[in-house]
Amino acid sequence: LLLAILAQTSYCYKFYSPLDFLRFDKAKVELDATIKLVASPNTLEHSGDWVTVSWSGVSYPNFEDWIGVYTPPTNGNSVDPQKQAPVKFQFCIHSLTHWKTGSGSFKFHMVNMRAPYIFGLLWNGFRDPSLAATSNTVEFANPNEPLQGHLALTQDPTGMMLMW
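This structure is a prediction, so every number in the text was calculated from the model and none was measured.

Trainee: Sorry, what's going on with the overall build of the protein chain here?
Mentor: The helix and strand tally for the protein chain stands at 2 helices and 12 strands. Scanning the protein chain from its N terminus toward the C terminus, one meets helices and strands in the order α-β-β-β-β-β-β-α-β-β-β-β-β-β. Compactness check: the protein chain gives a C-alpha radius of gyration of 20 Å against a globular reference of 15 Å for 164 residues, more than 25% above the reference. Here the C-alpha coordinates of the protein chain stretch approximately 65 × 60 × 30 Å along the principal axes. Here the protein chain holds 164 residues, and the buried ones make up 32% of them. Pairs at least 24 apart in sequence give 65% of the contacts found in the protein chain among residues at least 6 apart. Accessible area for the protein chain stands at about 10400 Å²; split by element, carbon and sulfur atoms hold 59% of it. Once the 11 positive and 13 negative side-chain charges of the protein chain are each reduced to a mean point, those two points are 7 Å apart.

Written out as structure tokens, the structure is:
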């Protein structure tokens, strides 16, 4: 009996990532020309730099609107929400002005993934996502920037190899 209770309890506390609920199969592209989505700066100097993403022109702001960060961009600097998951996201409602004005901004901490980033504004939450706008691309000045050192043992017991 105790074993059954423990098994049931551990099942109840299974962790889910919010992206587990993203329905790729229902995703669509419905670009709205009135929405402007801008990422700045266009070029980042180092991994760990910040990007400010600003949007405006959302006619009917909703608590399920969200900004997705995608890398690499597909099909000529765009996003295909049916085939590509965001590497990070933020709900627009967390911007104090989104609900009232349909505009806002966020800062995203960017890691050098050795490929450009593009941002997308999506409607309808994760149940029925619809890509409404995409931003300009953001790139790193040096995509091959050394990021972390890796130590490895060598055949010489007194030596180690450092790789970037």
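Trainee: Help me understand the pattern of salt bridges, please; the structure alone is not making it clear to me.
Mentor: When the charged atoms of two side chains with opposite charge come close together, those side chains can pair. This structure, assessed with the given rule, holds 3 salt bridges. Across the pair R23 and D25 runs a salt bridge whose closest N-O atoms are separated by 2.8 Å. For R23, a relative accessible area of 34% puts it in the partly exposed group. Notably, a salt bridge pairs E64 with R127, separated by 2.7 Å at the nearest N-O pair. With E64 in the loop between β4 (50-56) and β5 (66-70) and R127 in the loop between β8 (118-123) and β9 (130-134), this pair connects stretches of sequence that are 63 residues apart. On the basis of relative accessible area, E64 is assigned to the buried category, the value being 16%. Residue R127 is classed as exposed on the basis of its relative accessible area, which comes to 55%.

Trainee: Can you help me understand unusual backbone geometry in this one?
Mentor: Generally, phi is negative for residues other than glycine and the peptide bonds are trans, each holding for most cases. In this structure, the amide linkage connecting S40 to the following residue, P41, adopts the cis form with an omega of 5 degrees. Cis geometry is found at the peptide bond from T71 to P72, where omega equals -10 degrees. Note on placement: P72 falls in the loop between β5 and β6 (88-91). One non-glycine residue with positive phi stands out, namely R114, at about 65 degrees. In this fold, R114 is placed in the loop between β7 (104-109) and β8. A positive phi is found at N124, a non-glycine position, where the angle reads about 70 degrees. Tracing the backbone through its elements, the reader meets N124 in the loop between β8 and β9.

Trainee: Can you walk me through a nonpolar patch on the surface in this structure?
Mentor: A cluster of nonpolar residues, L151, L153, M160 and L162, forms a patch on the protein surface that exposes about 480 Å² of accessible area. Breaking the nonpolar patch down by element, the ones donating at least two residues are β11 (150-153) and β12 (160-163). Along the chain, L151 turns up in strand β11. Look at L151 and you get exposed, because its relative accessible area is 60%.

Rules used throughout
- Residues numbered from 1 in each chain as written.
- Predicted model: local features only at pLDDT ≥ 70, side-chain atom pairs only at ≥ 80, totals over all residues.
- Heavy atoms only, no water.
- Helix = DSSP H or I, 4+ residues; strand = E, 2+ residues; numbered from the N terminus.
- Rg over C-alpha atoms; globule rule 2.2 N^0.38 Å.
- Buried < 20%, exposed > 50% of the residue type's maximum accessible area, 1.4 Å probe, protein only.
- Contact = heavy atoms within 4.5 Å.
- Areas by Shrake-Rupley, 256 points an atom, 1.4 Å probe, with all protein chains shown as cover.
- Lys, Arg positive; Asp, Glu negative; His and termini not counted.
- Charge placed at Lys NZ, Arg CZ, Asp CG, Glu CD.
- Salt bridge = Lys/Arg side-chain N within 4 Å of Asp/Glu carboxyl O.
- Patch = residues over 30% accessible without salt bridge, like charges linked within 9 Å, V, L, I, M, F, W, Y side chains within 5 Å.

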